[in-house]
Structures are given as C-alpha cells and as structure tokens.
Amino acid sequence: KFSENPVKKDKTIYLGKITDRKGQRKYQELKNIEFIGPNGNGLKNWKGEWTREEVFNNLTNYGNMLLLSDGEADPLVIKEALISGLGVIINETSGKNLEANDFITIIPENKMSDLLYIEKKMEENRNNSLRNRDKIRKYGEVRFGWNNLIKNYLNIITNNI
C-alpha cells in the first residue's frame, strides 16, 4: 500500500528479524524509532512481529526506514520500503545497489556506532522523505517493480538465446 500522509510520519521503522547481525539492540536508544520483527522481547520500542500481509499494508504508515545490517548486500525490505514511499537510511554494505540522494541516506561504515550522527541522518531523511513520498514510490516502482523487472529479464533472455 501507499499513503501520501503516513499516520506515523514522525517515526522511523526498523523492520526485520531481531538479530545481532542487524544490530537492532545497538540502535534501540535512537529517538522516534520502532522495531518490528521476531525475537524482540526486551527491545525498547519493539512493536511485535508482522505477517507478510501486515508488511504490505502497514509499511507505508512510517516516515522512513532504518536498516544498518552487517552482511546484507541487497535486502528486499529496502525495495519494499521505497515502493511504499519511505526514504531509507542504510549502511554501505546494504546500499551497494543504490545511490545516495534526498531519500536514500548511506551511513559510512566508520559512523555505524555514532548514534548522534545516525539520529541526525534519520531526521534529515525523514523530513526529505515526507515531502517526496510520491517521487520515492515512483523511483521504487521504476527500479524494483515487477513490471519493469520482468521486461528487463525478458530482454536479457531473448537477446541471449
């Protein structure tokens, strides 16, 4: 789903399985963040676990998404966030296939433990993203939507036969 006016526009979502690799516990002191995913007992601002349908229906309700994961090279959830109109804040590893812009913020590896820096970047990204939700959704659909992906794959297959 897509909403121009998210009900949790002042919140950043961190969506995914709660693991050391994804670092949610490291970032639980950040302001205006909510965590969704399994294994979050004891995590501040943990809002429970979502089904795939809940992800599709509720992701658009947030201002933006944070994902600072150690070792995820091309996470699907980032594409889902963009198509839902959310800006994203990601680390260099998770953002290898994206370029930084007004709604894609890439955190350098040497800043991954700097909570004040990350909080500032989250706020900047959220403010930019709220003004550009339609633009973000269009970017996500063009880059990652099924219609365009299928056309690209068909083109690759037919030109390589």
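Refer to the structure presented above.
Attention here is on the structure that accompanies the text.

Parameters at a glance
Residues numbered from 1 in each chain as written. Predicted model: local features only at pLDDT ≥ 70, side-chain atom pairs only at ≥ 80, totals over all residues. Heavy atoms only, no water. Phe/Tyr/Trp six-rings, centres within 6.5 Å; stacked < 30°, edge-to-face > 60°. Helix = DSSP H or I, 4+ residues; strand = E, 2+ residues; numbered from the N terminus. Buried < 20%, exposed > 50% of the residue type's maximum accessible area, 1.4 Å probe, protein only. Pairing = 2+ DSSP bridges. Axes fitted to C-alpha atoms, helices over the stretch in contact; angles between N-to-C directions. Contact = heavy atoms within 4.5 Å. Core = buried A, V, L, I, M, F, W, Y, C linked by side-chain atoms within 4.5 Å.

A closer look at the packing of aromatic side chains
- Overall, the coordinates contain 4 aromatic pairs when judged by the stated rule.
- Look at phenylalanine 103 and tyrosine 139: their rings are 5.3 Å apart centre to centre, the planes differ by 75°, and that puts the pair in the edge-to-face class. Separated by 36 residues along the polypeptide, phenylalanine 103 in the loop between strand 4 (87–91) and strand 5 (104–107) and tyrosine 139 in helix 4 (residues 133–144) bring together distant segments of the chain.
- Phenylalanine 103 sits in the buried class, given a relative accessible area of 3%.

A look at the sheet that holds strand 1 (residues 8–15)
- Across the sheet, 5 strands lie side by side as 2-1-3-4-5; this open sheet has parallel pairing. Whereas interior strands pair on both sides, the edge strands pair on one side only; in this sheet they are strand 2 (33–36) and strand 5. Mean inter-strand twist for the sheet, computed between neighbouring axes without regard to direction, equals 25°.
- Pairing of strand 3 (residues 62–67) with strand 4, which is carried by 4 bridges, proceeds in the parallel orientation. Looking at strand 4, one finds that asparagine 64 is bridged to glycine 87.
- Across the sheet, helix 2 (residues 76–83) touches strand 1, strand 3, strand 4 and strand 5, and the angle it forms with strand 3 is around 165°.

Let's talk about the environment of isoleucine 36
- Positionally, isoleucine 36 belongs in strand 2.
- The class for isoleucine 36 is buried, based on a relative accessible area of 1%.
- Sequence separation of isoleucine 36 and leucine 15 is 21 residues, and the distance between their C-alpha atoms is 4.8 Å.

Remarks on the nonpolar core
- Formed by 36 residues in total, the largest nonpolar core has its most connected members in Ile13, Leu15, Met65, Leu66, Ile78 and Leu82.
- Elements that contribute at least two residues to this core include exactly strand 1, strand 2, strand 3, helix 2, strand 4, strand 5, helix 3 (115–131) and helix 4.
- Leave out the neighbours within four places in its chain, and leucine 15 touches Ile36, Trp50, Val55, Leu59, Met65 and Val77.

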